Amino acid sequence: MKRANTISRSVEICLRFIGLWPNSAYATLYWITYMATLVIMQYCQYAYIVARFELNNIWLLMDCLSLTLAYTLVLFKLIILWWNRRSDIPCFLQNISLRREKECTMNDSYASTMMSMADVARRLSNIVFTFNTFVAFSLSIGEHYFQSMSNANQIDNSSQVSPRELPIKMELPFDVSKSPIFECFLIGQFFYDTVVACTVGMVNVLLVTLVLHVSGQIDIMQQNLIEISNKKYDRSIFLAVIKTFIYKHQRIIILSENIENLFTHIALVQILWNTVVMCCTGFVIIIMIDNGEGVIGLIKPVSYYFAITLEAFVFCFAGEFLSAKSKSIGEAIYGSLWYNLSPSDTRILKFIMLRCQKRLTITAGGVIDLTLEGFTSIMKASVSYVSVLNAMY
């Protein structure tokens, strides 16, 4: 049977590119280069906002601020990942593959379970990276194309043509509206957008991959429980199997705690930042609709809004999925043939069920759990802020 790595190839490439893959060559150089690029671009973006900060032109302020804050969120995420690079990431990326290989060689059913999880993670990564690349295109090349179409219509109507501006608004010390400087910066912004979008997708897919790995381990535990129930009761065999069962459960708990330690601060920044970004982007969409913008003009803000919403949804869905899977262990024990065991052995299962009542979860800074209910709260808060901004405008 062909064994696919749990960590998809696209995630590995992104981690190597930003210098976070364990034992990769020139990791520090890649990290410094990438972070220096982000900081320089951020400086130019915030300089543009400060230079044109006017409450009378709040629409332009929200349009620039939403994209700038999103890039700042990426910067914070990478700093948190780099801070934990020596403790958490190498443990995750190396031990996960080793454990999977060991389990796959022991049992074909385990191999099938882990293969299915790896296949889901690989398909999800392809979807996320493809969608994020499309959003990057709409924010750069697509935005320039829409601006060119608008200028062409102004020429036909004999009206004044607006000067060319870069899709990502920046304050630069020289004029970039002239060729070929403008075209070079346009292509550079497209690649910059694509790399940042892939980095965002990498963080999301990495979280989901780790959660799917934990899910696969839980499924293997349930298979062990079915094997205990189907076999004729033998106390010596039962104790040996249940010992392995408890050991795997404890290992799953430790792995989920490591995931929580790595992503809890990222999730906190994600929720706070995404609420503000979705508020700004939603406000821009409403203003564009009120101004009679066509469907083509709405492609950029709408696709960007969906990308930000998807980012928050992935985090909340991963937390909800992990919690639901942790509950399934206790439910599987209750649904097993525990009544065929001796009273002393059923007490062991009771202790496992009691431990399963404490859910495995991912929190945002240890404050709130990431659940689908939390995602609805984020959407409600962002829509409320959009209503306030619209009333002020």
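Here the structure is a predicted model, which is why all the values come from computation and not from measurement. (Residues numbered from 1 in each chain as written. Predicted model: local features only at pLDDT ≥ 70, side-chain atom pairs only at ≥ 80, totals over all residues. Heavy atoms only, no water.)

(A) Summary view of the overall build of the protein chain. Along the backbone of the protein chain there are eleven helices and two strands. Counting helices and strands in the order they occur from the N terminus, the protein chain gives α-α-α-α-α-α-α-α-α-α-β-β-α. Buried residues in the protein chain amount to 51% of all 393 residues. In the protein chain, 81% of the contacts between residues at least 6 apart in sequence involve partners at least 24 apart. For the protein chain, the computed accessible surface area is about 19,700 Å², with 64% contributed by carbon and sulfur atoms. (Helix = DSSP H or I, 4+ residues; strand = E, 2+ residues; numbered from the N terminus. Buried < 20%, exposed > 50% of the residue type's maximum accessible area, 1.4 Å probe, protein only. Contact = heavy atoms within 4.5 Å. Areas by Shrake-Rupley, 256 points an atom, 1.4 Å probe, with all protein chains shown as cover.)

(B) Structural context of the UniProt feature "transmembrane region" (unreviewed entry) in the protein chain. UniProt tags residues 29–51, 57–83, 124–141, 190–212, 271–290 and 302–322 as "transmembrane region" (unreviewed entry). The span residues 190–212 carries 100% helix and 0% strand; its end-to-end C-alpha distance comes to 32 Å. Annotation note: span residues 302–322, helix share 100%, strand share 0%, distance between end C-alpha atoms 30 Å. (UniProt positions renumbered as here; feature names shortened; annotations may be inferred.)

(C) Expanded view of a nonpolar patch on the surface. On the surface, Leu310, Phe313, Phe317 and Leu372 cluster together into a nonpolar patch covering about 300 Å² of accessible area. Of the residues forming the nonpolar patch, the biggest block, three residues, is contributed by helix 9 (residues 295–335). By secondary structure assignment, the location of leucine 310 is in helix 9. For leucine 310, a relative accessible area of 31% gives the class partly exposed. (Patch = residues over 30% accessible without salt bridge, like charges linked within 9 Å, V, L, I, M, F, W, Y side chains within 5 Å. Salt bridge = Lys/Arg side-chain N within 4 Å of Asp/Glu carboxyl O.)

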